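# Coordinate inspection notes
Residue strings, one per chain:
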Amino acid sequence: MEIIRLENIGSTNDYLLSLKTDNDVVAVTDYQSAGKGMGTNRWESEPGKNLLFSILVHPTWLHPKDQYLLSMAEALALYDVLSEYTSGITIKWPNDIYWNDRKISGTRIDGNIAGEGMSDMIIGTGININQEQFYSDAPNPVSLFNITRTKYDTDLILNDIISRFEYYYNMAKESPDDIHSMYLQRLYRRDGTYAYEDENGRFEAELLTVKPNGIMVLRRTDGTLSEYEFKQVKYIIQ
């Protein structure tokens with residue numbers, strides 16, 4: 001993949017959305033003035049300390065109903081690379097990366113549909129690498145430095161992530177069931193009963209599965225199954 005390096009940009013996702021190219025491209029920056037998380041969330045990052053990048057691909061082979069495959073592919077790539085530096089890494093549905101109960105990475109995905117396939121998809125990721133302190137009201141951020149007390153070369157980590165993403169991207173085309181299975185095995189709170197909250201209040205449940213389309217299924221302590229799209233349910237984390 002071609003890598004475009006930007007010193008300062010509003011959002012790498014927005015930059016790639018405006019880039020008219022049929023090539024697969026990675027845009028990486030030292031600082032985003034309008035970095036985006038999922039929904040209306042914003043991503044806090046001290047300039048030059050972390051990894052802020054977006055990947056543009058053109059999965060015309062991918063039906064829109066299956067686009068969550070690429071979210072799983074990116075999450076697995078991040079899981080693999082970060083697990084080389086520390087234990088305790090999991091994937092928190094839908095595509096955050098957690099170290100124990102703290103967030104080290106978040107991803108936002110934008111896409112365009114053409115006919116029966118995806119014309120392009122942009123996968124924007126922020127990873128806390130060398131930042132020592134966080135000042136926003138985000139409840140549980142953590143960096144690789146906080147965990148290991150070691151500073152890292154962000155370019156080396158980025159190259160490893162791109163390599164792993166390309167591996168899982170090809171797997172998504174050829175073996176989507178394998179991608180789904182691997183994703184399920186690496187999920188945060190995969191085993192056990194935990195507290196959640198939806199529009200009707202708090203409850204306890206176990207994570208039964210996440211469907212290939214990204215719908216999470218929880219089994220409540222009374223046996224009831226509840227299905228959720230992103231933002232419809234909240235993890236209660238102490």
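Preceding this paragraph is the structure being described.
As a starting point, this report considers the structure included with it. For clarity, every value in this text was computed on a predicted model and none was experimentally measured.

### Side note on the overall build of the chain
Along the chain, the regular secondary structure elements total five helices and 12 strands. Taking 238 residues into account, the globule formula puts the C-alpha radius of gyration at 18 Å, and the chain, at 17 Å, falls close to it. When contacts within the chain are restricted to residue pairs at least 6 apart in sequence, those whose partners lie at least 24 apart make up 56%. As displayed, the chain offers around 11,500 Å² of accessible surface, 43% of which is attributable to carbon and sulfur atoms. Where the 23 positive side-chain charges of the chain centre and where its 35 negative ones centre are 5 Å apart.

### Quick word on the packing of helix H2 (residues 68-82) against helix H5 (residues 176-185)
Contact geometry for H2 and H5: axes closest at 10 Å, N-to-C directions at 55°. What the angle tells us is that H2 and H5 run oblique. Our pair here, H2 against H5, has a crossing hand that is left-handed. Between H2 and H5, the residues in contact are Tyr68, Leu69, Met72, Ala75 and Leu76 and Pro176, Ile179, His180, Met182 and Tyr183, respectively. When grouped by side-chain class, the residues that make up the contact of H2 with H5 number nine nonpolar, one polar and no charged.

### A look at the nonpolar core
The nonpolar side chains of soluble globular proteins are, as a tendency, buried together. Residues Leu51, Phe53, Trp93, Tyr183 and Leu218 are the most contacted members of the largest nonpolar core, which totals 58 residues. Among the elements that make up this core, the one with the highest residue count is H2 (12 residues). Non-local contacts of Phe53, meaning those with residues more than four positions away in its chain, are made with Thr12, Val26, Ala27, Val28, Glu74, Leu78, Ile123, Gly124, Thr125, Ile127, Leu158 and Ile161. Counting eight residues, the second largest nonpolar core, distinct from the first, contains Ile4, Ile9, Leu16 and Val25.

### Examining the sheet that holds strand S8 (residues 193-198)
Ordered in space as S11-S10-S9-S8-S12, the five strands form an open sheet in which the pairing is antiparallel. Unpaired on one side and paired on the other, strand S11 (225-228) and strand S12 (234-235) mark the two borders of the sheet.

### Concerning the environment of Asp177
You can see Asp177 is positioned in helix H5. Sequence separation of Asp177 and Pro212 is 35 residues, and the distance between their C-alpha atoms is 8.4 Å.

### Focus on unusual backbone geometry
Omega for the peptide link from Trp93 to Pro94 comes to 5°, which places this bond in the cis form. Tracing the chain through its elements places Pro94 in the loop between strand S4 (89-92) and strand S5 (96-99). Even without glycine at this site, Arg189 takes up a positive phi of about 60°. Considering the arrangement of structural elements, one finds Arg189 in the loop between H5 and S8. Owing to a relative accessible area of 10%, Arg189 belongs among the buried residues under this scheme.

Each value, and the rule that gives it
Residues numbered from 1 in each chain as written. Predicted model: local features only at pLDDT ≥ 70, side-chain atom pairs only at ≥ 80, totals over all residues. Heavy atoms only, no water. Helix = DSSP H or I, 4+ residues; strand = E, 2+ residues; numbered from the N terminus. Rg over C-alpha atoms; globule rule 2.2 N^0.38 Å. Contact = heavy atoms within 4.5 Å. Areas by Shrake-Rupley, 256 points an atom, 1.4 Å probe, with all protein chains shown as cover. Lys, Arg positive; Asp, Glu negative; His and termini not counted. Charge placed at Lys NZ, Arg CZ, Asp CG, Glu CD. Axes fitted to C-alpha atoms, helices over the stretch in contact; angles between N-to-C directions. Parallel < 35°, antiparallel > 145°, perpendicular 65-115°, else oblique. Left-handed = near helix turned anticlockwise from the far one by under 90°. Nonpolar A, V, L, I, M, F, W, Y, C, P; charged D, E, K, R; others polar. Core = buried A, V, L, I, M, F, W, Y, C linked by side-chain atoms within 4.5 Å. Buried < 20%, exposed > 50% of the residue type's maximum accessible area, 1.4 Å probe, protein only. Pairing = 2+ DSSP bridges.

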